[in-house]
Amino acid sequence: MKFQREYHGETDLEKYFEHFIEVATWNHWGSFEMAAQLGTSLTGRALTEYTELPGDVKLDRFRLTILLKKALFPAGQEAAFKAEFRARKRERNREGKWKKLSDLAQDLKRLGKKAFVSMDRESREELIIEQFKLALEIKLRQHVQFAHPGSIEEAVTAGVEEEARKREGEKEPPQIQ
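Keep in mind it's a predicted model, so treat the numbers as computed, not measured.

Parameters and conventions
- Residues numbered from 1 in each chain as written.
- Predicted model: local features only at pLDDT ≥ 70, side-chain atom pairs only at ≥ 80, totals over all residues.
- Heavy atoms only, no water.
- Phe/Tyr/Trp six-rings, centres within 6.5 Å; stacked < 30°, edge-to-face > 60°.
- Buried < 20%, exposed > 50% of the residue type's maximum accessible area, 1.4 Å probe, protein only.
- Helix = DSSP H or I, 4+ residues; strand = E, 2+ residues; numbered from the N terminus.
- Lys NZ or Arg CZ within 6 Å of the ring centre and 35° of its normal.
- Core = buried A, V, L, I, M, F, W, Y, C linked by side-chain atoms within 4.5 Å.
- Contact = heavy atoms within 4.5 Å.
- Salt bridge = Lys/Arg side-chain N within 4 Å of Asp/Glu carboxyl O.

1. Considering the packing of aromatic side chains
Point 1. Per the counting criterion, the structure on display carries 2 aromatic pairs.
Point 2. Centre to centre, the rings of Phe20 and Trp29 are 5.8 Å apart; their planes meet at 50°, and the pair counts as tilted. Residues Phe20 and Trp29 agree in their burial class; the two are buried.
Point 3. When the centroid spacing of 5.3 Å and the interplanar angle of 85° are considered together, the rings of Phe85 and Phe116 count as edge-to-face. Of the two residues, Phe85 sits in helix α6 (residues 75-87) while Phe116 sits in the loop between α7 (101-115) and α8 (121-134), which places them 31 residues apart along the sequence.
Point 4. For Phe85, a relative accessible area of 2% puts it in the buried group.
Point 5. Overall, Phe116 belongs to the buried group, its relative accessible area being 6%.
Point 6. The ring of Tyr50 is capped by Lys58, whose NZ or CZ atom sits 4.8 Å from the centre of that ring.
Point 7. The aromatic ring of Trp98 is capped on one face by Arg92, whose charged end is 3.9 Å from the ring centroid.

2. Overview of the nonpolar core
Point 1. Judged by nonpolar contacts, the single largest core of 20 residues is most densely connected at Phe132, Leu136, Val144 and Ile152.
Point 2. When contributions to this core are tallied by element, the ones reaching two or more residues are α6, α7, α8, α9 (138-146) and α10 (152-170).
Point 3. At 6 residues, α7 tops the list of elements feeding residues into this core.
Point 4. Ignoring anything within four residues of it in the chain, the contact list for Leu136 reads Arg90, Leu101, Leu104, Arg141 and Val144.
Point 5. Core analysis: the second largest hydrophobic core is formed by 19 residues, Tyr7, Phe17, Leu53 and Leu64 among them.

3. Describing the pattern of salt bridges
When their charged atoms lie close together, side chains carrying opposite charge are able to pair.
Point 1. On inspection of all chains with the given rule, the structure shows 10 salt bridges.
Point 2. Two residues, Arg121 and Glu18, come together in a salt bridge whose shortest N-O distance is 1.6 Å. Remark: Glu18 occurs in helix α1 (residues 13-26) and Arg121 occurs in helix α8; sequence separation between them is 103 residues.
Point 3. The class for Glu18 is partly exposed, based on a relative accessible area of 34%.
Point 4. The partner of Glu84 in a salt bridge is Arg88, with the nearest N and O atoms 2.9 Å apart.
Point 5. Linked through salt bridges whose partners overlap, the residues forming this network are Arg90, Glu137 and Glu163.

Okay, here's the thing in structure tokens:
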């Protein structure tokens, strides 16, 4: 069974490889079959970069991922993503209300993957959580910080719960007659 999904070199390489490995595992592909299937699934810039790599790298998924990432997402681009990552703050919408915390988290995850390409997931997750907290207004930041989130999802949950608690507290209590 041929791997049908093409990769052009413009989207998340890590997720592409995760999916590729799932298909390879399901099909019981060995290293050579994986290399052949991968080579035929790449197009555009990704294929150009892949064909220039040494044969031994093509058989090592981890080295291949790192080298393709460096080729497809050069260091200058990485620096620009780091700057954008560090500058990201929670924004307000047209009505003046804060945008969703989940949207902020998604932006930071996307930028974090592009800004810290060669960093391991755990370290990158810690940076994303820290930047998420820094992007919040001070009182919400403190609440999220005291929740000690271990993942960005936990940080979002802590923030959403605090915002819900505040909204509930702002409502007028029912009048007793």
